[in-house]
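A look at the structure
Listed below are the residues making up each chain.
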Amino acid sequence: CPDARERMTPDTMRHRWLLLGACGWVLLILMFASKFISFSSRVPDDYGGKSESLSWTVPATKDVKSQVQEPERKRTKPNQGPEGPVEGGDWETVAQKRLELVSAVCRNSTLKNLTHTPISKFVLDRIFVCDKHKILFCQTPKVGNTQWKKVLIVLNVFFSSGAASILNLTQRSHLTEYNQLSSVQITSIKHWLNTYFKFFIVRDPFERLISAFKDKFLQNPRFEPWYKHDIAPAIIRKYRKSRAEATGLRFEDFIRYLGDPGRRRLDQQFGDHIIHWVTYVELCAPCDVKYSVIGHHESLERDAPYILKAAGIDHLVSYPTIPPGITLYNRTKVEKYFSGIGKRDIRRLYARFQGDFSLFGYRKPDFLL
């Protein structure tokens with residue numbers, strides 16, 4: 001009796017090879033797609049530009065908190081923080097002093113042009129609403145905002161219905177889970193601004209610009225091609241002294257653009273993408289909206305629990321774990337990035353961001369000026 005190999009016909013062999021070839025193509029397609037589509041629902045974080053798997057589990061009972069663990073990352077120990085030592089302070093006193101400083105600087109008429117801005121649609125677009133818990137959060141990109149958005153999603157999605165579930169957060173879909181203040185009626189806007197708990201987070205203005213430059217023009221983990229293909233070339237054309245130099249946006253070009261008083265035309269061209277590097281004043285109007293709390297990125301490990309408690313939601317949700325030291329001010333990094341920037345350009349940049357430095361107690365970077 002002939003064995004199976006002898007009974008194989010050419011047609012059978014051809015069908016098997018076609019099947020193997022088809023399987024190979026499927027595997028190649030899946031490998032290629034995995035570069036752009038994450039099947040585990042990953043979100044680029046605010047700290048290192050890398051992705052983290054996120055899965056919030058929210059029990060129906062109120063006494064259990066939801067948590068997200070982040071991977072540990074190393075960070076250079078900072079030389080100096082913007083506010084000095086805070087470890088031994090009463091946090092309610094610290095928070096109150098921050099608000100008093102903002103109020104005092106807002107009254108300073110010599111800085112009025114740098115500290116006041118109308119409550120326009122641009123500002124209202126930045127303020128997100130958790131109506132059930134009467135919370136307003138003003139988004140300040142590159143200051144850990146992704147994490148606070150997750151907190152709002154959990155509050156809006158789960159504690160609105162009381163359901164216990166698991167939410168896999170993706171890069172964009174979560175934006176529909178809470179409202180922008182600009183989307184509600186004008187009467188509600190005024191009432192909510194006067195009565196709701198309002199907060200936002202700040203960090204050293206120059207360090208934030210470094211983070212924006214790295215995230216949008218160097219790493220670009222969210223695959224947003226318009227930063228490199230549209231915005232960067234426009235900045236290079238206007239601000240690079242020699243077109244024969246290396247391609248790609250350099251930090252020096254970026255700083256020249258930001259410090260230029262005549263940049264408005266480019267800002268209009270770039271649209272809402274400028275939110276990653278405009279001032280906190282332009283984003284959140286801190287002299288025109290009376291905020292309840294202003295958190296600092298450098299002390300976020302202590303600020304976050306205080307903000308949740310002040311908002312009355314600490315029994316419902318907790319802030320994702322922060323790797324120790326990762327939010328602290330890093331003077332070494334700032335010096336490194338600004339080492340090749342001309343003093344004139346740095347002075348012009350500081351002139352633009354002086355309002356942010358003054359309002360939130362950040363020391364003037366004399367070591368750069």
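Quick note: structure is the one above.
Residues numbered from 1 in each chain as written. Predicted model: local features only at pLDDT ≥ 70, side-chain atom pairs only at ≥ 80, totals over all residues. Heavy atoms only, no water.

What follows covers the pattern of salt bridges. The full count for this structure, using the stated rule, is 19 salt bridges. Note that R348 is salt-bridged to D260, the shortest N-O span being 3.4 Å. Residue R348 is located in helix α15 (residues 343-359), and its partner D260 is located in the loop between α10 (251-259) and α11 (264-270); the two are separated by 88 residues in the primary sequence. Note that R264 and E282 form a salt bridge whose closest N and O atoms lie 3.5 Å from each other. In this pair, R264 sits in helix α11 while E282 sits in helix α12 (residues 280-284), placing the two residues 18 residues apart along the sequence. Residue R264 is classed as partly exposed on the basis of its relative accessible area, which comes to 46%. Since its relative accessible area comes to 19%, E282 is described here as buried. Three or more residues joined by partner-sharing salt bridges are found here, namely R240, R250, E252, D253, R256, R344 and D345. (Salt bridge = Lys/Arg side-chain N within 4 Å of Asp/Glu carboxyl O. Helix = DSSP H or I, 4+ residues; strand = E, 2+ residues; numbered from the N terminus. Buried < 20%, exposed > 50% of the residue type's maximum accessible area, 1.4 Å probe, protein only.)

On to the environment of T195. Mapped onto the elements of the fold, T195 is located in helix α7 (residues 186-195). By relative accessible area, which is 46% here, T195 ends up partly exposed. Between the C-alpha atom of T195 and that of L136, which follows or precedes it by 59 residues, the distance is 9.9 Å. At a separation of 2.7 Å, a polar atom in the side chain of T195 contacts the main-chain carbonyl oxygen of H191. (Polar contact = N/O pair within 3.5 Å; in protein donor to acceptor, adjacent residues only side chain to side chain.)

Before going further, it helps to spend a moment on the packing of aromatic side chains. For the structure on display, the rule yields 28 aromatic pairs. Judged by centre distance (4.6 Å) and plane angle (70°), the ring pair of F200 and Y291 falls under edge-to-face. Here F200 is found in strand β8 (residues 197-202), whereas its partner Y291 is found in the loop between α12 and β9 (293-296), with 91 residues between them in sequence. Relative accessible area serves as the criterion here: at 0%, F200 is assigned to the buried category. On the accessibility criterion, Y291 (7% relative accessible area) is buried. (Phe/Tyr/Trp six-rings, centres within 6.5 Å; stacked < 30°, edge-to-face > 60°.)

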